[in-house]
Number of protein chains: 2
Amino acid sequence: MKIGFVGLGTMGAPMAGNLVAAGFDVTVHNRTRQREEGFEKRASSPAEVASDKDLVVMMVSDTPDVEEVLFGPHGVVHGAPPGALIVDMSTISADATKDFGARLAEHDIAMIDAPVSGGSEGAEKGTLTIMVGGDEADVERARPVLDVLGGKVTHIGPLGSGQLTKAVNQVIISGYFEGVAEGLVLAMKSGLDPYKVVEALSAGMARSAVLEMRAKNMIEQTYPLGFKLALHLKDLKIALESGIDLPVARMVKETEERLVAEHGDEDMSALAIEVRRKAGL
Amino acid sequence: MKIGFVGLGTMGAPMAGNLVAAGFDVTVHNRTRQREEGFEKRASSPAEVASDKDLVVMMVSDTPDVEEVLFGPHGVVHGAPPGALIVDMSTISADATKDFGARLAEHDIAMIDAPVSGGSEGAEKGTLTIMVGGDEADVERARPVLDVLGGKVTHIGPLGSGQLTKAVNQVIISGYFEGVAEGLVLAMKSGLDPYKVVEALSAGMARSAVLEMRAKNMIEQTYPLGFKLALHLKDLKIALESGIDLPVARMVKETEERLVAEHGDEDMSALAIEVRRKAGL
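Throughout this description, residue numbers start from 1 for each chain and increase along the sequence as written. Whichever chain is written first becomes A and whichever ligand is written first becomes 1, with later ones labelled in order. Given that this is a predicted model, residues contribute local features only at a pLDDT of at least 70 and side-chain atom pairs are listed and counted only at 80 or more, while totals for whole chains, interfaces and linings are drawn from all residues. The side-chain quantities take in all heavy atoms of the structure and omit both hydrogens and water.

This part is about the overall build of chain A. In this description a helix means any DSSP run of H or I spanning at least four residues, a strand means any run of E spanning at least two, and both kinds are numbered starting from the N terminus. Regarding its fold elements, chain A presents twelve helices and nine strands. Against the globule reference of 19 Å for 281 residues, chain A gives a C-alpha radius of gyration of 20 Å, in line with a compact fold. With the principal axes as the frame, chain A shows a C-alpha extent of 65 × 40 × 35 Å. When each of the 281 residues of chain A is scored for burial, the buried share is 64%. Restricting the calculation to C-alpha atoms gives the radius of gyration, and the globule rule supplies 2.2 Å times the number of residues raised to the power 0.38. Exposure classes here rest on a 1.4 Å probe applied to the protein chains alone. A residue is buried below 20% of its type maximum, exposed above 50%, and partly exposed in between.

Below, the structure is given as structure tokens:
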């Protein structure tokens, strides 16, 4: 299968690397072209990367980026052959996704949305959680590619369902990160050894991926990536556009808005900074 | 080892049963004595249950209950022989625990605090998470008993450390339950199949014991025990007495205060009731 891959950021670069390692014929493109170094086949634009390809994977930052890559002057739509399949793994608005899908269909190009969870570790190890929306037949065409990138690939429903599920994920983990941050601050303020506390709680109801993988950041006040706080903030804003009253998601959004200027490029466990600060820790 | 066991509630009854099944010589006592049925050896008071015992396990509801069981007119202190060890597995205030320990020491009775997490399932299966505070030698004396009751037993620090760790646990899971409730409400309002969403997210950053074990309650609006909402509310109040600013813990406390009259005896996943209500679900 001939694959085009657009977007070689913290997530996209190791994902494209895993596809090459799995034996796919991969051509890459990135806006900042230096990031293409290390890949054998490179293209100078989304249109070029899509030409002659069965499938184009996109992993970029936000809704306007996806629109530009697809429909811009040198966009995928100007290069992809009829019958091609776009697999958008970026996290963007579900409504925009449905609109893009309809516009691509006019060119006889299919699209599925397949946003991911699992951070840069998951991207590197090929263990991402992938939430997929689209027509069954399109999802099946993409499955050999998705199976290389993800440890768990779930087809949720029609186009846009992947993005909606990702929004749900971002809301849920808001509560987890805030809960773990508050618990650890209470532990440290109470004079407990926070490492022992994490060890003790890791098998009970407080068991979670966040406690296992991010408590150490919060204790040691270093927040390496992981998953950028600025991107989580962007995703939460999408989720809150629903207009539904989601209090912990809103609270975390507001905290992240205060932290983003200074800590936006750090892991979202940097949320603990504000909880520590308020507790005088 | 001869063991006295006080408190045969949702948690205590299966725990005492597990000790009997493991071959310990167990005598039980419960305030409502009917609950002693099914146990061979029963005592009419805490003093009687403690007489001649090496170790007395307590699993009651709150700080005043522990005080009454230990120091009331028919309290443990009037029956336990010098050198006995009290293992308090209730969840109560850490400060009160230290006070009780000091008062028991005057009678040459030792005490450790060993509150648990894991709910009624954990109590039944003997897989509780047990957070222990006390002197090393006392913890070692109790370990054969704790190992039967728990899947993970962690000695955190001096007397009171178990209770402080439990408070940390209750703060952390506040964020988890609220996050999962908000995420599921967003999923259902967005028209997604919530079971597929849970399945998809269970391997990523949203992985947690709460998502695995309690999402179903929230989707189906039935909240069997589990762990009583009223007891979690009691525990959160203890945690918030610290005076530390813990916003999601405070938010969940306030929600639970609104729910407790009607839903206090249900599992704390009933927290979802308010999130659903606000979303018009």
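This paragraph deals with the pattern of salt bridges. When their charged atoms lie close together, side chains carrying opposite charge are able to pair. Residue and element names in this part refer to chain B. In the sections that follow, a salt bridge refers to a side-chain nitrogen of Lys or Arg positioned within 4 Å of a carboxyl oxygen of Asp or Glu. A complete count under the given rule lists 40 salt bridges over all chains for this structure. Residue K278 is joined to E274 by a salt bridge in which the shortest nitrogen-to-oxygen separation is 3.7 Å. Taken together, the positions of K278 and E274, both in helix α12 (residues 272-278) and four residues apart, correspond to about one turn of that helix. Classification of K278 as partly exposed rests on a relative accessible area of 44%. Judged by its relative accessible area of 7%, E274 is buried.

What follows deals with helix α11 (residues 247-263) of chain B. To estimate the expected span of a helix, subtract one from its residue number and multiply by 1.5 Å. Between its first and last C-alpha atoms α11(B) spans 23 Å; for 17 residues at 1.5 Å apiece the expected length is 24 Å, and the two agree. Bend at a given residue is defined as the angle between two axes, one fitted to the seven residues that end at that position and one fitted to the seven that begin there. Along α11(B), the helix axis deviates most sharply at E257(B), where the bend reaches about 35 degrees. Of all the residues in α11(B), the buried ones are P247(B), V248(B), A249(B), M251(B), V252(B), K253(B), T255(B), E256(B), L259(B) and H263(B). In this structure, the buried residues of α11(B) make contact with α7 (161-189), α11 (247-263) and α12 (272-278) of chain A together with α7 (161-189), α10 (229-240) and α12 of chain B. Between two residues, a contact is recorded if the distance between any of their heavy atoms is within 4.5 Å.

Another aspect to go through is the pairing of strand β5 (residues 85-88) of chain B. Residue and element names in this part refer to chain B. Of the two faces of β5, the one lined by L85 and V87 and the one lined by I86 and D88 are each fully buried. Two strands pair if DSSP finds at least two bridges between them. Strand direction decides the pairing type here: strand β4 (residues 55-58) and β5, joined by four bridges, are parallel. From the neighbouring strand, M58 faces β5, where its bridge partner is D88. Orienting the strands away from the viewer, one traces the path from the first strand over the helix to the second; a clockwise path indicates a right-handed crossover. Taken together, β4, helix α3 (residues 63-71) and β5 form a β-α-β motif whose crossover is right-handed. Pairing of β5 with strand β6 (residues 110-113) involves four bridges; the strand directions are parallel. Looking across to β6, one finds that D88 is bridged to D113.

Now for the domain arrangement of chain A. It is common to give the size of an interface as the accessible area lost on bringing the parts into contact. Residues and elements named next belong to chain A. Domain extents, as shown, originate in an automatic or database domain assignment. Entries for chain A in the domain assignment read domain 1 (2-157) and domain 2 (164-279). Opposite the 15 residues of domain 1 that make contact, domain 2 presents eleven residues. Put simply, buried area is how much 1.4 Å-probe accessible surface two parts lose in total, over both of them, once they are put together. When the area that domain 1 buries against domain 2 is broken down by residue, the three leading residues are T91, E121 and M131, summing to 35%. Applying the counting rule to domain 1 against domain 2 returns one salt bridge. For this analysis, a polar contact is any N or O atom pair within 3.5 Å, provided that within protein one partner can donate a hydrogen and the other can accept it, and provided that sequence-adjacent residues contribute only side-chain to side-chain pairs. The tally of links from domain 1 across to domain 2 stands at six residue pairs in polar contact (both at pLDDT 80 or more). The biggest single contributor to the side of domain 1 that touches domain 2 is helix α5 (residues 119-125), with three residues. Taken together, the residues that form the side of domain 1 that touches domain 2 break down as six nonpolar, seven polar and two charged. Under the scheme applied here, ten amino acids are nonpolar (Ala, Val, Leu, Ile, Met, Phe, Trp, Tyr, Cys and Pro), four are charged (Asp, Glu, Lys and Arg), and all others, including Gly, are polar.

Moving on, we get to the packing of aromatic side chains. All names here are of chain A. Only the six-membered ring of Trp is used, alongside the rings of Phe and Tyr, when aromatic pairs are assigned; centres must lie within 6.5 Å, and planes under 30 degrees apart are stacked while those over 60 apart are edge-to-face, with the rest tilted. In this structure the tally under the stated criterion is three aromatic pairs over all chains. With 5.7 Å between their ring centres and 55 degrees between their planes, F71 and F100 make a pair best called tilted. Taken together, the positions of F71 in helix α3 (residues 63-71) and F100 in helix α4 (residues 94-105) put the pair 29 residues apart, joining distant regions of the chain. Lying across the ring of F71, R103 places its NZ or CZ 4.0 Å from the centre. Lysine NZ or arginine CZ positioned within 6 Å of the ring centre and within 35 degrees of the ring normal marks a charge as sitting over the ring.

Once that is clear, we can look at the side chain of S174(B). All names here are of chain B. Mapped onto the elements, S174 comes out in helix α7. In this structure S174 comes out as buried when scored by relative accessible area, which is 0%. Of the polar contacts made by the side chain of S174, one reaches the backbone oxygen of Q170; its length is 2.8 Å. Residues within four places of S174 in sequence aside, it is in contact with H232, L236, V248, A249 and V252.

With that settled, consider the relation of the copies chain A and chain B. The fit set for superposing copies consists of C-alpha atoms from residues with pLDDT of at least 70 in both; the fit itself is least squares. Turning chain A through 180 degrees and shifting it by 0.0 Å along the axis lays it on chain B, with an RMSD of 0.0 Å. Overall, the copies show the geometry of a two-fold rotation axis. Both copies contact each other with a shared surface, as 100% of the interface residues of chain A are interface residues in chain B too.

Of the residues lining the interface, 60 residues belong to chain A; the matching set on chain B comes to 60 residues. Across the chain A to chain B interface the summed buried area is about 5200 Å²; carbon plus sulfur atoms make up 72%. When the area that chain A buries against chain B is broken down by residue, the three leading residues are Y176(A), L186(A) and M205(A), summing to 15%. In this structure, the connection of chain A to chain B is made through six salt bridges.

Residue position: E256(A) is located in helix α11. Counted charges follow a simple rule, with Lys and Arg positive, Asp and Glu negative, and His plus the chain ends left uncounted. It turns out E256(A) is buried and unbridged, and the closest side chain with the opposite charge, K237(A), is 8.7 Å from it.

In these notes, a set of buried Ala, Val, Leu, Ile, Met, Phe, Trp, Tyr and Cys residues joined through side-chain atoms within 4.5 Å is what counts as a nonpolar core. Core analysis: the largest hydrophobic core is formed by 98 residues, its most contacted members being Y176(A), V180(A), L211(A), Y176(B), V180(B) and L211(B). What L211(B) contacts, discounting residues up to four positions off in sequence, is I172(A), Y176(A), V180(B), V198(B), L201(B), S202(B) and A206(B).

For the rest of this paragraph, the subject is the packing of α7(A) against α7(B). Viewed as axis vectors pointing N to C, α7(A) and α7(B) meet at an angle of 170 degrees, and their least axial separation amounts to 7 Å. Comparing the axis directions of α7(A) and α7(B) gives the class roughly antiparallel. On α7(B), the residues that touch A167(A), V168(A), V171(A), I172(A), G175(A), Y176(A), G179(A), V180(A), E182(A), G183(A), L186(A) and A187(A) of α7(A) are A167(B), V168(B), V171(B), I172(B), G175(B), Y176(B), G179(B), V180(B), E182(B), G183(B), L186(B) and A187(B). Each residue belonging to the contact of α7(A) with α7(B) can be placed in one class, and the counts come to 16 nonpolar, six polar and two charged. Every angle, taken between N-to-C directions, lies between 0 and 180 degrees, and every axis is a line fitted to C-alpha atoms, over only the stretch in contact when it is a helix. Angle categories are assigned with fixed cut-offs, so that under 35 degrees is roughly parallel, over 145 is roughly antiparallel, 65 to 115 is roughly perpendicular, and the rest are oblique.

Turning to its location among the elements, V275(A) is positioned in helix α12. Each C-alpha atom of the pair V275(A) and L186(A) lies 9.7 Å from the other, and the pair is 89 residues apart in sequence.

Taking 1.5 Å per residue, twelve residues should reach 16 Å; helix α10 (residues 229-240) of chain A reaches 16 Å between its end C-alpha atoms and fits that length. The buried fraction of α10(A) amounts to nine of the twelve residues, a majority that puts the element mostly inside the structure. Restricting attention to buried positions, one finds in α10(A) the residues L229(A), H232(A), L233(A), K234(A), D235(A), L236(A), I238(A), A239(A) and L240(A). Buried positions along α10(A) lie against α7 and α11 of chain A together with α7 of chain B.

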